[in-house]
Amino acid sequence: MQFVPDPQKIANDIKQLKQLGINLVRFHGPVYAKNKYRRFGVTIDQAKMIPQSQEEFREYFDEQKLRAFDYALAELSKNGIYVFWDLMSSYCGWTDALQSGHWVGKDLLGKQFHAQLYVNETFRRNWAEGVKYLLNRVNTVNGRRYADDPVLAFLLFMNEQDFRVSPSYLSAFTPEWEKFYGPGAPKLSEQLLKSDTPAGRKAGEFMQKKIQELTRFYHGVVRSTGCKALLTNWDLYMRMIDAPGRELLEVSTLHTYHGHAGLPLPAKSVPGYPVQTTHGAKEVYRNIRSSLRSNGHYLARILAKQSLNRPVLVTEYADCAPNPYRHEMGLFFSGYATLNGISLLLPHGNLLPELNFRPVAPHNYADFCDPIFRASDAVSAFAFLRGDVAESPHSVEFTVTPEILRSAHRLDALAAEYTMLGFLTRIGVRATGVKPLDPVGNVSPNLSLTPQIFSRAYGTSVEAVTSDARRDRPAIYADMIRRLRKQGVLPKTNRTDEKGTILESDTGELLFEPDRGTLRVVTPRLAGAVLKENRPVTAGAVRIENCSVPSSVTLVSLEAEKTLSDANRLLLVFATDAVNCGMATTKDGKRLLALGGAPLLMRTGKLTISLANRHATPPAVYALHLDGSRAEQLPVRQTADGMKLELDTAKLQYGTPFFEILYPEKR
């Protein structure tokens, strides 16, 4: 939820949230500072005010903005909507600087808050005093002290603070590193941290200590206020070295994207196509690859860093526009999140409807104006939130041992051979020898493994790719599948093969074939498939006889107590692709030439779908507007075997992924 200090907008937003069935919002760094301390274009190296005391924060924070935040918290609480609150997210912290260096061509990673909080007492005091000021504040609407308000369910210390390995970022640690190492300290670098040398092991030990020491500092400040909210941090990377810091906290928080546009490239980059985005005229890369044909990696890599014995929250995720296969997200992400026992899914972006059209754009991430995201969100509401997909009754745990952290793999991620097990059963990681700061659960996994092979974390470290050249990788994967069968995790009827080309969940509800880019989901109240080719697919009582375009097709019972075959009210979701009018790309489709604008164009297709049921009379079928209202009625057939619906969306008056199927109530 975007916080705007306007009570009327806050009230309207909360009304929409409740109508959409949303039960938690994230405040991603709300702005409380007085406008005179919000100096646009000023970077952290030019900051003049860095508050250090309660008195200075009383001057720095805007009481009117805080009163608006009071109102937001009180109204959310009244409407049964909880809050995930990033206590700090800005690279400039609570100062009079506002501009992140990387947006204006200045390399300030080592001087900004994300790095300096590890080592700088002034910046730490700024964080601590600001947090205490806020948590000790008494809400002027409901009289509750923030620290005592149960609406604040989760607090995150600092958004995406996992340490980077660029020279600029690591330079922040130089004085403390040289003191820790002693005379002759080598330069702290990515190469050193990846080396299996005495100095490399010393560097790894140093960074682990800094992560854990900072975690304890954050935890101590928040708990000193008496706040009992669930605490979390370290939400970005999946490296081995990050596991001990996450192990200290009672909640795991995860971020991931497929097709994330990243930072816009400089105007001088080649070929330098000027695409107008929210960040100005910059060249933007367009991912055109299916996430399923990429082995579902954007989900698998974060499943492998969750903890089995505590809540797990995905607070940023999206299959980003304008990827033409982003329709995969609904069935794929929500299905496997549910299988793995994820506690919360929170897409990151513009998630409320607006009156004015907003073009589909790379940096909108998850966007409610995009009908393809809206289709995925609707599917998630049933597969995940209603619980139509079942959670796995089994689990596999990977242990991050001191031996791994002392090895050259400390900056690596788990190999794909391990992470792909998350498509079969619930998986998680545990750093051994680390005691959490707050009580957590106790889970006994069916299988506990110490990793032998790893993947390289690269770029901004939010990706991980296979880099280990060991020839026994296929044998290691095949052995794990055999062990899962021996342990009874995979039943004898399970179709999973030992080559990684067929992955069927231990529940039997999810069948994923990465090479084909297909997924089939079969549950009593929801069934569907992600399709790449026009071939018949049977998903329980549902049969997709013809589908002319790559798409995601899902049929849902709208009656929680009835199966698909028994239901009188059903929702069909037929998601393809959508682009802006005038959007243009290079010939290979990988770079945007023009973003385009209104109207939005949906890819049309022909779909023939049948549902086995025993209804005697045919249903009424309606194409729906994006707000759920009926647009037009469509023909449908009812036979002795069930319903048969033939769609040609090119003939619809308006493009839509949603279709209502309504049988007359039996009397």
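That block above? That's the structure.
On a predicted model such as this, the values are computed, not experimentally measured, just so you know.

**Q** How should the packing of helix α12 (residues 329-339) against helix α13 (residues 371-385) be read in this particular structure?
**A** Helix-helix packing is characterised by the crossing angle of the two axes and by the distance between the axes. Close contact between α12 and α13 brings their axes to 8 Å; oriented N to C, the two are set at 30°. On the basis of the axis angle, α12 is roughly parallel to α13. Seen along the crossing, α12 lies across α13 with a hand that is right-handed. Contact residues: α12 offers Met329, Gly330, Leu331, Ser334, Ala337 and Thr338, while α13 offers Phe373, Ser376, Val379, Ser380, Ala383 and Phe384.

**Q** What is the right way to look at unusual backbone geometry in this model?
**A** Outside of glycine, negative phi angles account for most residues, and trans bonds account for most peptide bonds. Of note, the bond from Ala321 into Pro322 is cis; its omega dihedral lies within 30 degrees of zero at 5°. Here Pro322 is to be found in the loop between β8 (312-319) and α12. Of note in this structure, Trp234 is not a glycine but carries a positive phi near 55°. Relative to the helices and strands, Trp234 is located in the loop between β4 (230-232) and α10 (243-247). You can call Trp234 buried: its relative accessible area is 2%. At Tyr365, a residue that is not glycine, the phi angle is positive and equals roughly 55°. Among the secondary structure elements, Tyr365 is positioned in the loop between β10 (349-350) and β11 (366-367).

**Q** Is there a simple way to explain the side chain of Arg239 in this structure?
**A** Along the polypeptide, Arg239 turns up in the loop between β4 and α10. A relative accessible area of 2% places Arg239 in the buried class. Within the local environment of Arg239, its side chain forms a polar contact with the backbone oxygen of Phe163, the two atoms lying 2.9 Å apart.

**Q** Would you explain the pairing of strand β21 (residues 526-531) in this entry?
**A** Each regular strand carries side chains that alternate between the two faces of the sheet. Taken across its six residues, β21 has six buried, putting it largely inside the fold. Examined bridge by bridge, strand β20 (residues 518-522) and β21 share four bridges and lie antiparallel to one another. By the bridge assignment, Val522 is partnered in β21 with Ala527. Joining the antiparallel neighbours β20 and β21 is a turn of three residues. Here β21 runs beside strand β24 (residues 551-557); their pairing, made up of six bridges, is antiparallel. Note that in β24 the partner of Gly528 across the bridge is Thr554.

**Q** Would you mind showing me how to read the pattern of salt bridges here?
**A** Close approach of charged atoms allows side chains of opposite charge to pair. Summed over all chains, the structure comprises 40 salt bridges. Between Asp148 and Arg145 there is a salt bridge, with the nearest N and O atoms lying 3.0 Å from each other. Salt bridges sharing partners connect three or more residues here, namely Glu63, Arg67, Asp70 and Arg137.

**Q** I tried to follow the pairing of strand β34 (residues 642-648) on my own but got confused; where do I start?
**A** With seven bridges connecting them, strand β30 (residues 606-612) and β34 associate as antiparallel partners. Note that in β34 the partner of Ser610 across the bridge is Lys644. The pairing of strand β33 (residues 637-639) with β34 spans three bridges and is classified as antiparallel. The residue of β34 that forms the bridge with Thr639 is Gly642. Taking the residues between adjacent antiparallel strands as the criterion, β33 and β34 are bridged by two residues.

**Q** For this particular structure, what's the right way to read the packing of aromatic side chains?
**A** For the coordinates displayed, the defined rule picks out 41 aromatic pairs. Ring geometry for Phe57 versus Phe61: centroids 5.1 Å apart, planes at 35°, classification tilted. The residues Phe57 and Phe61 share a single accessibility class, namely buried. Here the aromatic rings of Tyr298 and Phe332 are separated by 6.1 Å at their centres, their planes lie at 35°, and the arrangement is tilted.

**Q** Before we go on, may I ask you to explain the environment of Ala640 in this structure?
**A** With respect to the helices and strands, Ala640 occurs in the loop between β33 and β34. Distance in space between the C-alpha atoms of Ala640 and Asn613 is 8.4 Å, their sequence separation being 27 residues.

**Q** Looking at this structure, I do not really get the side chain of Asp412. What am I missing?
**A** Relative to the helices and strands, Asp412 is located in strand β13 (residues 412-414). The buried charged residue Asp412 lacks any salt bridge partner; its closest oppositely charged side chain belongs to Lys194, at an N-O distance of 5.7 Å. A distance of 2.7 Å separates a polar atom in the side chain of Asp412 from a polar atom in the side chain of His409. When near neighbours in sequence (up to four residues on either side) are disregarded, Asp412 contacts Met238, Arg239, Met240, Phe454, Ser455 and Arg456.

**Q** Looking at this structure, I do not really get α12. What am I missing?
**A** For an α-helix, the turn length of 3.6 residues means that residues three or four places apart are oriented alike. Counted residue by residue, α12 has eleven buried out of eleven residues, so it is predominantly covered. Buried within α12 we find Met329, Gly330, Leu331, Phe332, Phe333, Ser334, Gly335, Tyr336, Ala337, Thr338 and Leu339. Gly341 sits one or two residues past α12 and shows a positive phi near 70°.

**Q** What should I look at first to understand the packing of helix α5 (residues 121-135) against helix α9 (residues 198-224) in this one?
**A** The contact between α5 and α9 brings their axes to 9 Å, and the two run at 25°. When the axes of α5 and α9 are compared, the pair comes out roughly parallel. For the crossing formed where α5 meets α9, the hand is right-handed. Residues Arg124, Trp127, Ala128, Val131, Lys132 and Leu135 of α5 pack against Glu213, Leu214, Phe217, Tyr218, Val221, Val222 and Ser224 of α9. Of the residues that constitute the contact of α5 with α9, the class distribution is nine nonpolar, one polar and three charged.

Parameters and conventions
- Residues numbered from 1 in each chain as written.
- Predicted model: local features only at pLDDT ≥ 70, side-chain atom pairs only at ≥ 80, totals over all residues.
- Heavy atoms only, no water.
- Axes fitted to C-alpha atoms, helices over the stretch in contact; angles between N-to-C directions.
- Helix = DSSP H or I, 4+ residues; strand = E, 2+ residues; numbered from the N terminus.
- Parallel < 35°, antiparallel > 145°, perpendicular 65-115°, else oblique.
- Left-handed = near helix turned anticlockwise from the far one by under 90°.
- Contact = heavy atoms within 4.5 Å.
- Buried < 20%, exposed > 50% of the residue type's maximum accessible area, 1.4 Å probe, protein only.
- Polar contact = N/O pair within 3.5 Å; in protein donor to acceptor, adjacent residues only side chain to side chain.
- Pairing = 2+ DSSP bridges.
- Salt bridge = Lys/Arg side-chain N within 4 Å of Asp/Glu carboxyl O.
- Phe/Tyr/Trp six-rings, centres within 6.5 Å; stacked < 30°, edge-to-face > 60°.
- Lys, Arg positive; Asp, Glu negative; His and termini not counted.
- Nonpolar A, V, L, I, M, F, W, Y, C, P; charged D, E, K, R; others polar.

Purely geometric numbers; function is a separate question.
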